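Each chain, letter by letter, is given below.
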Amino acid sequence: MNNIQINSQGQLKHFLGIEGLNRDILLRILDTATSFIMDESKAVKKVPILRGKTIVNLFFENSTRTRTTFELAAKRLSADVLNFNINTSSTSKGESLIDMLHNLQAMHCDMFVVRHSVTGAPHFMAQHIAPDVRIINAGDGQHEHPTQAMLDMYTIRQHKPDFSSLRVAIVGDILHSRVARSDIHALKILGVPDIRVIAPKTLIPRELDKLGVRIFNDLTTGLQDVDVIMMLRLQQERMKTALLPSTHEYFNYYGLTEKALLVVDSDAIVMHPGPINRGVEIDSLVADGSRSVILQQVSNGIAIRMAVMAMTLGTIEV
Ligand code: CP
């Protein structure tokens, strides 16, 4: 499904998912982002790489971090940015996704950044768009959130440069998490040997073990000696049936507290893609504590999204 992401020269054309990409591409994204991180420290934050290009943010689901960092990233690359308001668009009058896309394409837009509740929506758009227009997946259903995974890998590499010796635990609502799927693919591709998933049985998707992860239902056992803890939000809005007795009980067994951290080294880092639910999956003392890199993840999202936009539009040699 992801082959349409890569052109005949092996370069990124669209960015739809981590699955199916190779280590070389992921490292190129991380290294390209590094050059934009350095630019961020300069007084003039803008670079003219995408001057004259028009980028449309098409968010069919709510977002704080992803939408705003995509907008900031596009502006720092000197692109023109349009934040399309789905609620006031003609989709409410019955216009189809493809008709809307073709109309926006007729306005000579160069890239669409798409978040959609339906799995595969960005892939579908990439299959129906003009050859010179690019699609970036900003999160599709419960499938993938590839730029989140890349900013997560970037943040991990800042603190733990050697992927080949890492122990990483992903904790929480794996069942509904597109972030978990993209992160697992990225960690595997980058050579992380020990990937653990910790959750109650009801929040673990069937056949997850086929992705090469170790599954734990007990937090203390699963966290033993890990270097990186990736917490996930409990996505109650996606739960169609009662999968947990209560959020209070969930926090008692799976909430990340200072006590739960006693089994990891003092230099282990705590991550969370956001939005965080304090007192549900993570205690405030941990979310705001010295191990937390949660806000670094947000900052790194700008450089990663600059890298992905510049690479897919082919405006920089990498
Ligand atoms: N991490 C993430 O996707 O956050 P938003 O939903 O705020 O974009």
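As the structure is a prediction and not an experimental result, all values here were calculated from the model. (Residues numbered from 1 in each chain as written. Predicted model: local features only at pLDDT ≥ 70, side-chain atom pairs only at ≥ 80, totals over all residues. Heavy atoms only, no water.)

(A) Highlighting the sheet that holds strand β4 (residues 134-140). Taken in spatial order, the 4 strands line up as β2-β1-β3-β4 in an open sheet, and their pairing is parallel. Edge positions in the sheet fall to β2 (80-84) and β4, since each of these pairs with one other strand and no more. If you compare each strand with its neighbour and ignore which way they point, the axes differ by 15° on average. (Pairing = 2+ DSSP bridges. Helix = DSSP H or I, 4+ residues; strand = E, 2+ residues; numbered from the N terminus. Axes fitted to C-alpha atoms, helices over the stretch in contact; angles between N-to-C directions.)

(B) Spotlight on empty space enclosed by the protein. Counting across every chain of the model gives 1 cavity of 30 Å³ or more. Looking at the largest cavity, its volume works out to about 50 Å³. Around the largest cavity, the lining residues are R65, T69, Q148, L151, P273, Q297, V298 and R305. Of all the secondary-structure elements, those providing two or more residues to the lining of the largest cavity are α2 (65-76), α5 (146-159) and α10 (294-312). (1 Å grid on protein atoms, 1.4 Å probe; cavity = no way out; pocket = protein on both sides within 12 Å on 5 of 7 lines; lining within 4 Å. Points joined across faces, edges and corners; volume = space filled by probe spheres on them.)

(C) Spatial organisation of the site of the ligand. With respect to spatial proximity, the complete set of residues near the ligand consists of S63, T64, R65, T66, R115, H145, Q148, P273 and G274. T66 is positioned with one of its side-chain polar atoms (N or O) 2.6 Å from an oxygen atom of the ligand. Between the ligand and the protein, one listed contact pairs an oxygen atom with a side-chain N or O atom of H145 at 2.9 Å. Isolated, the ligand exposes 260 Å² of accessible area, and the fraction of that covered by the protein chains is 91%. Among the detected pockets, the ligand sits in the largest pocket. Grouping the amino acids of the shell around the ligand by side-chain chemistry returns 1 nonpolar, 6 polar and 2 charged. Summarising the domain contributions, the shell around the ligand has at least three residues from each of domain 1 (2-144 + 299-312) and domain 2 (146-293). (Near = heavy atom within 4 Å. Polar contact = N/O pair within 3.5 Å; in protein donor to acceptor, adjacent residues only side chain to side chain. Areas by Shrake-Rupley, 256 points an atom, 1.4 Å probe, with all protein chains shown as cover. Sits in = over half its atoms within 2 Å of the grid points. Nonpolar A, V, L, I, M, F, W, Y, C, P; charged D, E, K, R; others polar. Domains from an automatic or database assignment.)

(D) Structural detail: the layout of surface pockets. Its boundaries defined by the atoms lining it, the largest pocket holds a volume of some 440 Å³. Forming the walls of the largest pocket are 21 residues, and the residues nearest its centre are R115, R178, R233, G274 and P275. Listing elements by their share of the lining of the largest pocket, those giving two or more residues are α2 and α6 (178-189). Composition of the lining of the largest pocket by domain shows at least three residues from each of domain 1 (2-144 + 299-312) and domain 2 (146-293).

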